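Structure at a glance
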Amino acid sequence: MKELEKTKRISIAAVLFILIIIIGLLFYERPKHVYTVNSNDMLEKVIKADYFIALDKIDDPSIVLIDIRSPFEFEKGHLNGAINISTPELLKGDNPELFNKMVANKKVAVLYGSTPTEANNAFMVLYQLGFENIKILLVSLGYEQNKLITKNSIIEKNVTDINAFIAESQKKIKIVPKPKKRIPKKVIPKKKKKKMPVEGGC
Amino acid sequence: MINRKLAKVLSFRYKILAVIFLVLAGGLVVLPKYEKQEGILPEALLKNAVSSERYISTDELADLIINQDPSFILIDVREEESYKKFSLPNSINIPLDKLLSEDSNSYLNQDQFDVILFSNDHFYADQAWLICNRLDYNHIRVLKGGLNAWFNTIINPEKPSENQSVIASELYSFRKAASMYFGVAYPDEFKAKPVVKIIPKKKVIPKKKKKKMPVEGGC
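All values derive from a computational prediction rather than experimental measurement.

Turning our eyes to something else, we now look at the overall build of chain A. Looking only at helices and strands, one finds 7 helices and 7 strands in chain A. Element order for chain A, N to C, with α for helix and β for strand: α-α-β-β-α-β-α-β-α-β-β-β-α-α. Burial analysis of chain A (202 residues in total) assigns 19% to the buried set. Once local pairs closer than 6 in sequence are excluded, the contacts in chain A between residues at least 24 apart make up 61%.

In structure tokens:
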């Protein structure tokens, strides 16, 4: 009889255990958005730098242009055929489904903003969520007389050689010795003249 | 007789229990898919990406360097060649491909110092920042505009035209003084060569005083 009781207790305990697990599973909410790429792989992709596309290549029918700026800027002017999904709204509402549809139809989503750097935020988040068919358009936008102007943009171009600039400026010193003594006096009075009209107002 | 029947029923129950446990164990094998869920939630990552809190302007950085603020580390994320050619004073080079290595972990994943990432423009620095942000590293910032902006504002500041405000001309004086601190020489400010290195620092403070005195005199 004692053995029967023991076995009864074991079986009751096992059934309870299973019930708890089942209840836990029922209440388990799958997270809405799930990463499919971990950080090391993202870094490798970033270094590869094969996700850029130039302005003259966007006439391809398999490309969907996505403007990631705010709706206000989109209204001001946007590229032909672009749809507006601003970066803060990327994971809300219907947008994730839109991206899924694009994957299903094998379309490439090309992101653009005022500069490629703006598009980079959306690019990195989407890529880590598993949308691999996305690229960044190398374009920088500007407005002139309310018309949109596009310019080809090169990222991370070194503008000047700073060391050379500093060396140049120091070379000039050796060439001009005498006028040095007179000019310092001029610097200060000029600034005073600028400020006196302001004080006149006070 | 009764015992045998009971024993059969009980052994049947045990078999069922064993099968259920096996199924649950099989479910556990499926869980490792979620290994890639390292870091903060995608929604949080997006929110941080959109906020411009992480940017620090070149003027602020020049201020920090000139005042010899000890609380920050400068990290150059370009390749070694560019770093060796020119970089900001006291900056460390961590090229992008070494961003997640163990050595750089000690610089990035700490709470003592502020880390400021920079590159030629802020594109690569932003990418590095996003990767670090997903891994929840704190106190990491990006120099807005990078070295190109550094050149255009600090090393070679644009002189404001006569009809711009007092604030613009004060900013220009600050930038000009900062450029002298970093080595640029102006023919009209130069006195004697060995003194060049000392005078820029002295000039930074007196200039500011001279600017303010006329204003107070007027009011």
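So, on to the overall build of chain B. Along chain B, the regular secondary structure elements total 9 helices and 5 strands. Helices and strands appear in chain B in the N-to-C order α-α-β-α-β-α-β-α-β-α-β-α-α-α. Scored against the burial criterion, the 219 residues of chain B give a buried share of 27%. In chain B, of all internal contacts separated by at least 6 residues, the share reaching a separation of at least 24 is 60%.

What follows deals with the environment of Asp60 of chain A. Turning to its location among the elements, Asp60 of chain A is positioned in the loop between strand S1 (52-53) and strand S2 (63-67). A C-alpha to C-alpha distance of 9.6 Å links Asp60 of chain A and Val108 of chain A, two positions 48 residues apart in sequence.

Bringing the nonpolar core into the picture now. In terms of nonpolar packing, the biggest core is built from 64 residues, with Leu111, Phe123, Val125 and Leu126 of chain A together with Leu117, Ala125 and Ala128 of chain B touching the most fellow members. Each of domain 1 (43-151) and domain 2 (158-210) of chain B contributes no fewer than three residues to this core. Every residue in contact with Leu126 of chain A, bar those within four places of it in the chain, is listed here: Leu90, Phe99, Phe131 and Ile134 of chain A.

Attention now goes to the pairing of strand S2 (residues 72-76) of chain B. Successive residues of a regular strand alternate their side chains across the two faces of the sheet. Residues and elements named next belong to chain B. Summarising the sheet, S2 and strand S4 (residues 114-118) pair through 5 bridges and their orientation is parallel. Its bridge partner being in S4, Leu74 is matched across the sheet by Ile116. Of the pairings in the sheet, the one linking S2 to strand S3 (residues 91-93) comprises 3 bridges and is parallel in character. When the sheet's bridge partners are listed, Asp76 is paired in S3 with Asn93.

As a further point, take the sheet that holds strand S3 (residues 83-84) of chain A. Within a beta sheet, neighbouring strands are joined by backbone hydrogen bonds and run either parallel or antiparallel to one another. Residue and element names in this part refer to chain A. Pairing is parallel across the open sheet formed by 5 strands, whose spatial order is S1-S5-S4-S2-S3. Each edge of the sheet is formed by a strand with only one pairing partner; in this case those strands are S1 and S3. Two strands pair when backbone bridges link them, and S2 and S3 are joined in this way by 2 bridges, in the parallel orientation. Counterpart to Asp67 in the pairing with S3 is Asn84. The strands touched by helix H5 (residues 116-128) within the sheet are strand S4 (108-112) and strand S5 (134-137), with S5 carrying the most contacts at an inclination of about 175 degrees.

It is worth spelling out the sheet that holds strand S1 (residues 55-56) of chain B at this point. Pairing within the open sheet is parallel, and its 5 strands lie in the order S1-S5-S4-S2-S3 (chain B). Here the strands that pair on one side only, and so sit at the sheet edges, are S1 and S3 of chain B.

Let us look at helix H2 (residues 42-50) of chain B. Buried residues of H2 of chain B: Pro42, Leu45, Leu46 and Ala49 of chain B, and no others. Projected down its long axis, H2 of chain B shows its buried positions confined to an angular sector of 100 degrees, all on one face. Residues of H2 of chain B that are buried in the fold lie against H5 of chain A together with helix H6 (123-134) of chain B.

Okay, the confidence of the model for chain B next. Overall, the prediction assigns chain B a mean pLDDT of 80, with 81% of residues at 70 or greater. Counting interchain partners and residues more than four positions distant, the pLDDT-below-50 stretch residues 192-210 of chain B has 15 contacts.

What follows is about unusual backbone geometry. Residues and elements named next belong to chain B. One non-glycine residue, Gln68, lies in the positive phi region at around 55 degrees. When you line up the elements, Gln68 lands in the loop between helix H3 (58-66) and S2. The exposed category is assigned to Gln68, around which 7 C-beta atoms lie within 10 Å. Positive phi outside glycine occurs at Asp136, with the angle close to 65 degrees. With respect to the element layout, Asp136 can be found in the loop between H6 and strand S5 (140-143).

Quick look at the packing of H5 of chain A against H6 of chain B now. For the pair H5 of chain A and H6 of chain B, the least separation of the axes is 10 Å and the interaxial angle reads 20 degrees. Our classification of the angle between H5 of chain A and H6 of chain B gives roughly parallel. Considering how the two elements wind past one another, H5 of chain A and H6 of chain B form a crossing that is right-handed. Of H6 of chain B, the residues touching H5 of chain A (which contributes Pro116, Thr117, Asn120 and Met124 of chain A) are Phe123, Asp126, Gln127 and Leu130 of chain B. For the contact of H5 of chain A with H6 of chain B, the per-class residue count stands at 4 nonpolar, 3 polar and 1 charged.

Residues and elements named next belong to chain A. Along the polypeptide, Lys76 turns up in helix H3 (residues 71-76). Taking the C-beta count within 10 Å as the criterion, Lys76 has 14 such neighbours and is therefore assigned partly exposed. Along the primary structure Lys76 and Ala167 are separated by 91 residues, whereas in three dimensions their C-alpha atoms are 45 Å apart.

Here is what the cut-offs are and how they apply
Residues numbered from 1 in each chain as written. Chains lettered and ligands numbered in written order. Predicted model: local features only at pLDDT ≥ 70, side-chain atom pairs only at ≥ 80, totals over all residues. Helix = DSSP H or I, 4+ residues; strand = E, 2+ residues; numbered from the N terminus. Buried ≥ 20, exposed ≤ 12 C-beta atoms within 10 Å, placed from the backbone. Contact = placed C-beta atoms within 7 Å. Core = buried A, V, L, I, M, F, W, Y, C linked by C-beta atoms within 7 Å. Domains from an automatic or database assignment. Pairing = 2+ DSSP bridges. Axes fitted to C-alpha atoms, helices over the stretch in contact; angles between N-to-C directions. Arc of directions from axis to C-beta. pLDDT = per-residue confidence, 0-100. Parallel < 35°, antiparallel > 145°, perpendicular 65-115°, else oblique. Left-handed = near helix turned anticlockwise from the far one by under 90°. Nonpolar A, V, L, I, M, F, W, Y, C, P; charged D, E, K, R; others polar.

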